[in-house]
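Residues per chain, in single letters:
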Amino acid sequence: MLQIYQKTINEPINFSGIGLHSGKISKITILPGEANQGIIFKWTDLSKNNLVSANYKNVSSAKLCTTLENQHGVKISTVEHVLAAIYITGIDNAIIEIDNEEVPIMDGSAKDFLSVLEKTKTKTLNKKIKYLKILDKVELVDGTRKISIEPKDTFEVDFQLD
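Residues numbered from 1 in each chain as written. Predicted model: local features only at pLDDT ≥ 70, side-chain atom pairs only at ≥ 80, totals over all residues. Heavy atoms only, no water.

**Thoughts on the overall build of the protein**
Line of reasoning, step 1. Helix and strand counts for the protein come out as two helices and twelve strands.
Line of reasoning, step 2. Counted from the first residue to the last, the protein has its helices and strands arranged as β-β-β-β-β-β-β-β-α-β-α-β-β-β.
Line of reasoning, step 3. If one aligns the C-alpha atoms of the protein with their principal axes, the spans along those axes are about 45 × 40 × 30 Å.
Line of reasoning, step 4. By the burial criterion, 31% of the 162 residues in the protein qualify as buried.
Line of reasoning, step 5. For the protein, the share of sequence-separated contacts (at least 6 apart) that also reach a separation of at least 24 residues comes to 64%.
Line of reasoning, step 6. Carbon and sulfur atoms form 52% of the exposed surface of the protein, whose accessible area is close to 11200 Å².
Line of reasoning, step 7. Here the protein contributes 20 positive and 21 negative side-chain charges, whose respective centroids are spaced 5 Å apart. (Helix = DSSP H or I, 4+ residues; strand = E, 2+ residues; numbered from the N terminus. Buried < 20%, exposed > 50% of the residue type's maximum accessible area, 1.4 Å probe, protein only. Contact = heavy atoms within 4.5 Å. Areas by Shrake-Rupley, 256 points an atom, 1.4 Å probe, with all protein chains shown as cover. Lys, Arg positive; Asp, Glu negative; His and termini not counted. Charge placed at Lys NZ, Arg CZ, Asp CG, Glu CD.)

**Describing the pattern of salt bridges**
Where charged atoms of side chains with opposite charge meet at close range, the side chains can pair.
Line of reasoning, step 1. Going through the model one piece at a time under the given rule, you end up with five salt bridges.
Line of reasoning, step 2. Notably, a salt bridge pairs Glu139 with Lys137, separated by 3.9 Å at the nearest N-O pair.
Line of reasoning, step 3. Two residues, Lys146 and Glu139, come together in a salt bridge whose shortest N-O distance is 3.6 Å.
Line of reasoning, step 4. Taken together, the shared-partner salt bridges in this structure form one network comprising Lys137, Glu139 and Lys146. (Salt bridge = Lys/Arg side-chain N within 4 Å of Asp/Glu carboxyl O.)

**A closer look at the sheet that holds strand β8 (residues 75-77)**
Line of reasoning, step 1. Judged by pairing direction, the sheet is antiparallel, and its three strands sit side by side in the order β6-β7-β8 without closing on themselves. In the strand order of this sheet, the two ends are held by β6 (59-61) and β8, each with one partner. Going across the sheet, the axis of each strand differs from the next one's by a mean of 35°, ignoring polarity. (Pairing = 2+ DSSP bridges. Axes fitted to C-alpha atoms, helices over the stretch in contact; angles between N-to-C directions.)

**Focus on the packing of aromatic side chains**
Line of reasoning, step 1. A complete count under the given rule lists one aromatic pair for this structure.
Line of reasoning, step 2. Ring centres of Phe15 and Phe113 lie 4.8 Å apart, and the angle between their planes is 65°; this geometry places the pair in the edge-to-face category. Highlighted residues: Phe15 in strand β2 (residues 13-18) and Phe113 in helix α2 (residues 111-119), separated in sequence by 98 residues.
Line of reasoning, step 3. Of the residues examined, Phe15 reaches a relative accessible area of 6% and is grouped as buried. (Phe/Tyr/Trp six-rings, centres within 6.5 Å; stacked < 30°, edge-to-face > 60°.)

**Some thoughts on the side chain of Thr89**
Line of reasoning, step 1. The residue Thr89 is located in the loop between α1 (80-88) and β9 (94-98) in this model.
Line of reasoning, step 2. You can call Thr89 buried: its relative accessible area is 16%.
Line of reasoning, step 3. Of the polar contacts made by the side chain of Thr89, one reaches the backbone oxygen of Ala85; its length is 3.0 Å.
Line of reasoning, step 4. Here Thr89 is in contact with Lys7, Leu114, Leu117 and Glu118, once residues within four sequence places are set aside. (Polar contact = N/O pair within 3.5 Å; in protein donor to acceptor, adjacent residues only side chain to side chain.)

**Remarks on the sheet that holds strand β4 (residues 39-43)**
Line of reasoning, step 1. Spatial ordering of the open sheet is given by β2-β3-β9-β4-β5, a layout of five strands whose pairing is mixed. Strand pairing shows two members of the sheet lacking a second neighbour, β2 and β5 (51-53), which therefore form its edges. Ignoring which end each strand starts from, the neighbouring axes of this sheet average 20° apart.
Line of reasoning, step 2. Relative to β4, α1 is tilted by about 145°, and along the sheet it contacts β3 (25-32), β4 and β9.

**Regarding α2**
Line of reasoning, step 1. When we look at burial in α2, the residues that qualify are Phe113, Leu114 and Leu117. One side of α2 carries all its buried residues, which in axial view fall inside an arc of 95°. Residues of α2 that are exposed and angled more than 90 degrees away from the buried face: Lys111 and Lys119.
Line of reasoning, step 2. If you follow the buried residues of α2, they end up packed against β1 (5-9), β2, β3 and α1. (Arc of directions from axis to C-beta.)

Following this line, the structure appears as structure tokens:
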């Protein structure tokens, strides 16, 4: 069943570990967010221009990891595992404070983040979630590669990789 209202966490959650690519110890704190805010990374060691929204428009690289970058050139990398755990637990709004440029790798997956987030109490916010509804078929073709999405009554994925 689809969730109707946005959610955030009730209290801060802390993680610490090493960055896979930078080798630096990294600490993150996930804080409750406001309705319609989304997920925002806040680099705490920078005094200005330190907010980076977790938005596909801010992906500056996907080579070896996902890197998000704001309009001022501030980058946060290896965000995919923490963001996956946040998505899986239905959290729509949060601030992720981080003390350097890379999210800790933890066990190499979303498992460590997910196990803590699943035990964390959440708060329902007073704004509804906006869902995307596919009304017409959309197709992108690039030579022999093709991807498409079309309306269906059920969720169905057909995938082939050569």
